[in-house]
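Understanding the architecture of this molecule
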Amino acid sequence: MIRDILKFGDPVLREECAEVTRFDKELVELLDDMYETMVDADGIGLAAPQIGVLKRVVVIDVGNGRIELVNPVITSMRGRQFEPEGCLSCEGKRGIVQRPGHVRVKAMDRFGRQVKFKGKELLARAFSHEIDHLNGILFEDKVIEWVEEEEDKQ
Ligand code: NI
């Protein structure tokens, strides 16, 4: 089911999210709804607070398949990158943000099993951006310079 995405300015986006402790049907539904909502909105990442659910849950798909992160933790960061990014909660605005070049993440999957990922470039940005959401941090807090929206983007 496609859910409504909260927009910047909504105080819910500034809340700290709670750890998931129950790996149940509700979590599976949340993950499926988040993925469907993200794809429908043409996004590459979505965090649960963006649909008003204050839980530490993230979905990402940068074009290499669906990644689900429950209670994600960044375990290491290396290097730096400065690239424009946007957010489904702030459509039409993009800005340059400093992010680590390489990120390693550990999390749980939908069944409560531990999973590990590493990402660079766009995936490193997505991990960093979405995990920030779980702590009430928005990319606008970190923008070094706002950039014009690409003209060919719908
Ligand atoms: Ni975002």
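Our subject is the structure listed above.
Described below are features of the structure shown in this document. Source: prediction; values computed, not measured. (Residues numbered from 1 in each chain as written. Predicted model: local features only at pLDDT ≥ 70, side-chain atom pairs only at ≥ 80, totals over all residues. Heavy atoms only, no water.)

1. Overview of the pairing of strand E5 (residues 94–99)
- E5 sits mainly inside the fold: five of its six residues count as buried.
- Taken together, the five bridges between strand E4 (residues 81–85) and E5 define a ladder with antiparallel strand orientation. The partner of Phe82 across the bridge, within E5, is Gln98.
- Sheet analysis places E5 next to strand E8 (residues 143–147), joined by four bridges and oriented antiparallel. Its bridge partner being in E8, Arg94 is matched across the sheet by Val147. (Buried < 20%, exposed > 50% of the residue type's maximum accessible area, 1.4 Å probe, protein only. Helix = DSSP H or I, 4+ residues; strand = E, 2+ residues; numbered from the N terminus. Pairing = 2+ DSSP bridges.)

2. Digging into the pattern of salt bridges
- Per the stated rule, a full pass over the model turns up 16 salt bridges.
- A salt bridge links Lys7 to Glu91, with the shortest nitrogen-to-oxygen separation between them at 3.6 Å. With a gap of 84 residues between them, Lys7 in the segment before helix H1 (25–40) and Glu91 in the loop between E4 and E5 connect regions that are remote in the sequence.
- With a shortest N-O distance of 2.9 Å, Arg110 and Glu68 are connected by a salt bridge. Of the two residues, Arg110 sits in the loop between strand E6 (102–108) and strand E7 (114–120) while Glu68 sits in strand E3 (residues 67–78), which places them 42 residues apart along the sequence. Pair check on accessibility: Arg110 and Glu68 agree, each one buried.
- Via salt bridges that share partners, Asp32, Arg66, Glu68 and Arg110 belong to a single interconnected network. (Salt bridge = Lys/Arg side-chain N within 4 Å of Asp/Glu carboxyl O.)

3. A word on the sheet that holds E5
- In spatial order, the strands read E4-E5-E8; together these three strands make up an open sheet with antiparallel pairing. What marks the edges here is a single partner per strand, and that holds for E4 and E8. Adjacent strand axes in the sheet meet at a mean angle of 30°, parallel and antiparallel pairs treated alike.
- This element, helix H2 (residues 121–133), spans E4 and E5 of the sheet and lies at about 70° to E4. (Axes fitted to C-alpha atoms, helices over the stretch in contact; angles between N-to-C directions. Contact = heavy atoms within 4.5 Å.)

4. A short note on the coordination of the nickel ion
- Only Cys87 (SG), His129 (NE2) and His133 (NE2) from the protein reach the nickel ion as donors, at distances of 2.0 to 2.2 Å.
- The motif formed by the donor residues of the nickel ion, counted along the single chain, is C-x41-H-x3-H. You can see Cys87 sitting in the loop between E4 and E5 and its partner His133 sitting in helix H2, a full 46 residues away along the chain.
- Residue classification places Cys87 among the buried positions, given a relative accessible area of 9%. (Donors = N, O, S within 2.8 Å, 3.2 Å for Na, K, Ca; no water.)

5. Observations regarding H2
- Look at H2: 19 Å from first C-alpha to last across 13 residues, which is about the 18 Å you get at 1.5 Å a residue.
- Within H2, 11 of the 13 residues are buried, leaving the element largely enclosed by the surrounding structure.
- Turning to H2, its buried residues number three or more, namely Leu123, Ala124, Arg125, Ala126, Phe127, Ser128, His129, Glu130, Ile131, Asp132 and His133. (Expected span 1.5 Å × (residues − 1).)

6. Quick look at the packing of aromatic side chains
- By the definition in use, this model includes three aromatic pairs.
- Centre to centre, the rings of Phe8 and Phe139 are 5.8 Å apart; their planes meet at 55°, and the pair counts as tilted. Taken together, the residues Phe8 in the segment before H1 and Phe139 in the loop between H2 and E8 connect sequence positions 131 residues apart. An identical accessibility class is assigned to Phe8 and Phe139; each is buried.
- Here the aromatic cluster, defined as three or more aromatic residues joined through ring pairs, consists of Phe8, Phe139 and Trp146.
- For Arg66, the ring lying beneath its charged end belongs to Tyr35, and the centroid distance is 4.3 Å.
- Over the ring of Trp146 we find Lys93, and its NZ or CZ is 4.5 Å from the ring centre. (Phe/Tyr/Trp six-rings, centres within 6.5 Å; stacked < 30°, edge-to-face > 60°. Lys NZ or Arg CZ within 6 Å of the ring centre and 35° of its normal.)

Any functional reading would require information that these geometric values do not contain.
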